[in-house]
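Coordinates in review
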Amino acid sequence: MLQQVKSAFAGDHDVSGAPVAVGCRAISAGYGGQLILDDVSFGAAAGQITALVGPNGCGKSTLLKVLARILRPSAGSVSLLGEDLSRLPTRKIAQRMALLPQGPIAPEGLTVKELVAQGRFPHQTLLRQWTSGDAAAVEEAMALTDVAALADRPVATLSGGQRQRCWIAMVLAQDTDVILLDEPTTFLDLRVQVDIMTLLHRIAAEKRRTLVVVLHELNFAAAYADRIVMMRAGQIACEGTPTETFSSQTLDRVFDLDAQVIADPETGRPVCIPRRHMPNPAAA
Amino acid sequence: MTLRLTMLGPIMVIGSILVLFLWHIAVGAKSIPILTVAESLWHFDRTEFDHVVIRNLRLPRAIFAVTVGASLAVAGSLMQGVTRNPLAEPGLLGLLAGASFAVVAAVGFFGLATPGWIPVVAAAGALGGAVLVWTIAARVPGGATPLSLILSGAAVTAFLGALITLMQLMDEQTFESLRVWLTGTLAGRRMEVFVWCLPWFIGGLIIAIAVARQVTALAMGEETAIGLGVDIARLKIIVLICVVVLTAASVAVAGPLGFVGLVIPHVVRLLVGSDYRLIVPYSAGIGAAYLLVVDIAARLVLAPAEISTGIVTALLGAPFFVWLVRTRL
Ligand SMILES: Nc1ncnc2c1ncn2[C@@H]1O[C@H](COP(=O)(O)OP(=O)(O)OP(=O)(O)O)[C@@H](O)[C@H]1O
Ligand SMILES: [Mg+2]
């Protein structure tokens, strides 16, 4: 029933001809003996936001972990900016690709500034500890994410939205071409979600960064992403631009969601509106 | 919050260590004026009886307190950072028991007399104890959680303690000299053993300072640390070696001193936050000061009688441990 769409990723360029910044080919991966991803290929075009969506437990985080070398795939290969990930030393990878894991925790007492400064880790060595370049990158990241005013507060004392902005600042301070983010907006109020998505959009557009973002809020994915990759049960079920991928049929097929899709009158981007399912009062 | 920004912190810590160091030497069966203590250090006079006492007995003991206190505190802070377990400590996780058992077996049972081998034997024992505790905890349903590690550590410590007692019963004469050492003491250890342990202390502390930056990253979670480019498998091995080396040298000099590695890192974190580039050196400094204070207390509280240093660290550390369990778990 659910047929897998053969991935557009084939080599160093995706179907639209944009170079792939980070991608994987025919990977299988899982935990213990259990395979979660089987023969999955994926590619994120350089300078674009690719949104990874799908129902809970479908393997989005798992795919992101494989791309971020946290999980070693049992088969297949991952490429980063044209190089084989398994051949690169972990520090070199960290200079090119940053990761914001799902639900990160800051150690008690760590201040915002110290957290953001951790982003400079891959650029430092034992002998070359802290340079003005590091300081500038940290300043810039804190300004972009609007956390400069919180610099000396312990991260643990901040609200969820402030904390999330700090983690994004850390990832930005890492100053990498590729950024992977796992659910950066979960648990945040609508306004803060909009702020964060706007920020990510700016980063991709202005600084030409490649972003792969796992999102649950479909309308944000449609509004901000350049490409959407829909996953279901460890497979890529559908991918393309928001307009290509958003339809009542695909939402039903991927999410078992009964929804109508309309166009945002201002941007023309698709918006999905779930149909309400209420018990029929007449039947009671 | 304030300490980390200023030069005041290091000055205060080093100043306290110096004052406590002199006071530590002044205290004892016969109390010696601090001025005489200072004099004996700067202008040693071999005809002065007090100077000779200081040089031969009291100075070594103060030096032991400083190095062992610093080493145990640093070992504890690294263990807590890398395992993200607030209760990690050489004593609670079986390293002290393993090292003591190995030393007792080697010295008492196999008649080891070469001082250079004592830290080696202690290191093998510490490593064995750590691996045993971790293996047992990992097999418990739910895996190696802070609590299962503590339980497994308690079981291993009790078991090795029983074996030590058994060896003592079999040969009371040989073990008489080890009896006091087994309660943890800074008294009566020969300088010769310490000299053999010195490279271990120095090596361990240098490694600890070198890996501190990576430990901060790892304390933020494994996924974040990998994302930042930390080779976590390699880091864990280096830290394990470092902790074993520091613990082994400490046990070789002073026997098992419990809870030092637990108490100090938590106090230090309150003062300097959670960056291990600060936590490691401050743990060393405050750990050294702490053991000086503890050893002063051990000789003052029931003066002229003296209690084992290890008894005082346990009397202070155990309530702290209970408080930690109540607030952190
Ligand atoms: N550490 C783990 N050990 C064992 N199984 C895991 C682990 N992490 C995830 N899984 C399993 O792998 C499958 C995919 O999980 P994954 O975290 O990739 O889902 P996800 O798409 O990110 O879901 P969510 O939207 O809830 O975050 C799930 O069935 C999950 O139970
Ligand atoms: Mg997930």
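Owing to the predicted nature of the structure, the values given are computational and were not obtained by experimental measurement.

Residues and elements named next belong to chain B. Relative to the assigned elements, threonine 36 resides in helix α2 (residues 34-42). With 265 residues separating them along the chain, threonine 36 and valine 301 place their C-alpha atoms 23 Å apart. For threonine 36, the contacting residues outside a window of four places in its chain are Asp50, His51 and Ile54.

As a further point, take the sheet that holds strand β1 (residues 20-31) of chain A. Residue and element names in this part refer to chain A. Strand order in the open sheet made by the 4 strands is β2-β1-β4-β5, with antiparallel pairing throughout. Among the strands making up the open sheet, the edge pair consists of β2 (34-45) and β5 (83-84). Strand direction decides the pairing type here: strand β4 (residues 75-80) and β5, joined by 2 bridges, are antiparallel. In the sheet register, serine 79 faces β5, and the bridge partner there is aspartate 84. Helix α1 (residues 60-67) rests against β1, β2 and β4 of the sheet, and its axis sits at about 115° to β1.

Glancing now at unusual backbone geometry. Residue and element names in this part refer to chain A. Phi at aspartate 175 takes a positive value of approximately 55°, unusual for a residue other than glycine. Taking relative accessible area as the criterion, aspartate 175 reaches 39% and is therefore assigned partly exposed. A positive phi angle, near 50°, is found at alanine 233, a position not held by glycine. Among the structural elements, alanine 233 can be located in the loop between β9 (227-232) and β10 (235-240). Taking the relative accessible area as the measure of exposure, alanine 233 reaches 60% and is therefore exposed.

Moving on, we come to the coordination of the magnesium ion (ligand 2). Ideal coordination angles are 109.5 degrees for a metal with four donors arranged tetrahedrally and 90 or 180 degrees for a metal with six donors arranged octahedrally. Residues and elements named next belong to chain A. The protein atoms that coordinate the magnesium ion (ligand 2) are Ser61 (OG) and Gln102 (OE1), at distances spanning 1.9 to 2.3 Å. A residue pair is termed long-range when its members are at least 10 positions apart, and serine 61 in helix α1 and glutamine 102 in the loop between β6 (97-100) and α3 (112-118) qualify at 41 residues. Residue serine 61 is classed as buried on the basis of its relative accessible area, which comes to 18%. Glutamine 102 sits in the partly exposed class, given a relative accessible area of 41%.

This part takes up the packing of helix α3 (residues 49-83) of chain B against helix α10 (residues 232-254) of chain B. Residues and elements named next belong to chain B. As a packed pair, α3 and α10 sit with axes 9 Å apart at the nearest point and diverge in direction by 150°. The angle between the axes of α3 and α10 places the two elements in the roughly antiparallel class. At the point where α3 passes α10, the crossing takes the left-handed sense. Taken together, the residues of α10 that come into contact with α3 (itself represented by Phe64, Val68, Ser71, Leu72, Val74, Ala75, Leu78, Met79 and Val82) are Lys236, Val239, Cys242, Val243, Leu246, Thr247, Ser250, Val253 and Ala254. Taken together, the residues of the contact of α3 with α10 break down into 14 nonpolar, 3 polar and 1 charged.

Before going further, it helps to examine the pairing of β1(A). All names here are of chain A. Buried residues dominate β1, accounting for 9 of its 12 residues. In this sheet, β2 lies alongside β1 in antiparallel orientation, the contact comprising 8 bridges. Looking at the pairing, cysteine 24 lines up with phenylalanine 42 of β2. Connecting β1 to the antiparallel partner β2 that follows it, the hairpin turn spans 2 residues, and glycine 32 within it adopts a positive phi of roughly 60°.

The next thing to look at is the interface of chain B and chain A. Chain B puts 22 residues into the contact, and the matching count from chain A is 31 residues. For the pair chain B and chain A, the two sides together bury roughly 2,200 Å², of which 58% comes from carbon and sulfur. A per-residue breakdown of the area chain B buries against chain A is headed by B:Arg213, B:Met220 and B:Leu228, which together make up 30% of the total. Joining chain B to chain A, the criterion identifies 1 salt bridge. Among the salt bridges present, the one from B:Glu223 reaches A:Lys65, with a minimum N-O distance of 3.7 Å. For the side of chain B that touches chain A, the secondary-structure elements that each account for two or more residues are α8 (191-219) and α9 (222-227) of chain B. Tallying contributions element by element places α8(B) first for the side of chain B that touches chain A, with 6 residues.

All names here are of chain A. Among the 13 residues in the neighbourhood of ligand 1, the closest are listed as Gly57, Lys60, Ser61, Thr62 and His216. The separation between an oxygen atom of ligand 1 and a polar main-chain atom of glycine 57 is 2.8 Å. Residue serine 61 places a side-chain N or O atom 2.7 Å away from an oxygen atom belonging to ligand 1. Notes on ligand 1: free accessible area 630 Å², of which the protein chains cover 62%. Here the shell around ligand 1 gets 3 residues from one element, more than from any other, and that element is α1.

This part is about the nonpolar core. A:Val112, A:Leu200 and B:Leu78 are the most contacted members of the largest nonpolar core, which totals 163 residues. Contact partners of A:Val112, with chain neighbours within four places excluded, come to A:Met142, A:Val147, A:Leu150, A:Ala151, A:Arg153, A:Val155, A:Leu158 and A:Cys166. In terms of nonpolar packing, the next biggest core, distinct from the first, is built from 31 residues, A:Leu52, A:Leu67, A:Leu80 and A:Leu85 among them.

Turning our eyes to something else, we now look at the pattern of salt bridges. Under the defined criterion, the tally for this structure stands at 15 salt bridges over all chains. One salt bridge connects A:Arg96 with A:Glu83, and the closest N-O pair in it is separated by 2.8 Å. Of the two residues, A:Arg96 is situated in helix α2 (residues 90-96) and A:Glu83 in strand β5; the sequence distance between them amounts to 13 residues. You can call A:Arg96 partly exposed: its relative accessible area is 22%. Owing to a relative accessible area of 36%, A:Glu83 belongs among the partly exposed residues under this scheme. One salt bridge in this structure joins A:Arg227 and A:Glu239, with 3.7 Å as the shortest N-O distance. Of this pair, A:Arg227 sits in strand β9 while A:Glu239 sits in strand β10; the two residues are 12 residues apart in sequence, bridging distant segments of the chain. Linked through salt bridges whose partners overlap, the residues forming this network are B:Arg61, B:Asp295 and B:Glu306.

Cut-offs and rules
Residues numbered from 1 in each chain as written. Chains lettered and ligands numbered in written order. Predicted model: local features only at pLDDT ≥ 70, side-chain atom pairs only at ≥ 80, totals over all residues. Heavy atoms only, no water. Helix = DSSP H or I, 4+ residues; strand = E, 2+ residues; numbered from the N terminus. Contact = heavy atoms within 4.5 Å. Pairing = 2+ DSSP bridges. Axes fitted to C-alpha atoms, helices over the stretch in contact; angles between N-to-C directions. Buried < 20%, exposed > 50% of the residue type's maximum accessible area, 1.4 Å probe, protein only. Donors = N, O, S within 2.8 Å, 3.2 Å for Na, K, Ca; no water. Parallel < 35°, antiparallel > 145°, perpendicular 65-115°, else oblique. Left-handed = near helix turned anticlockwise from the far one by under 90°. Nonpolar A, V, L, I, M, F, W, Y, C, P; charged D, E, K, R; others polar. Buried area = accessible area lost by both parts, 1.4 Å probe. Salt bridge = Lys/Arg side-chain N within 4 Å of Asp/Glu carboxyl O. Near = heavy atom within 4 Å. Polar contact = N/O pair within 3.5 Å; in protein donor to acceptor, adjacent residues only side chain to side chain. Areas by Shrake-Rupley, 256 points an atom, 1.4 Å probe, with all protein chains shown as cover. Core = buried A, V, L, I, M, F, W, Y, C linked by side-chain atoms within 4.5 Å.

In short, geometric facts, not functional conclusions.
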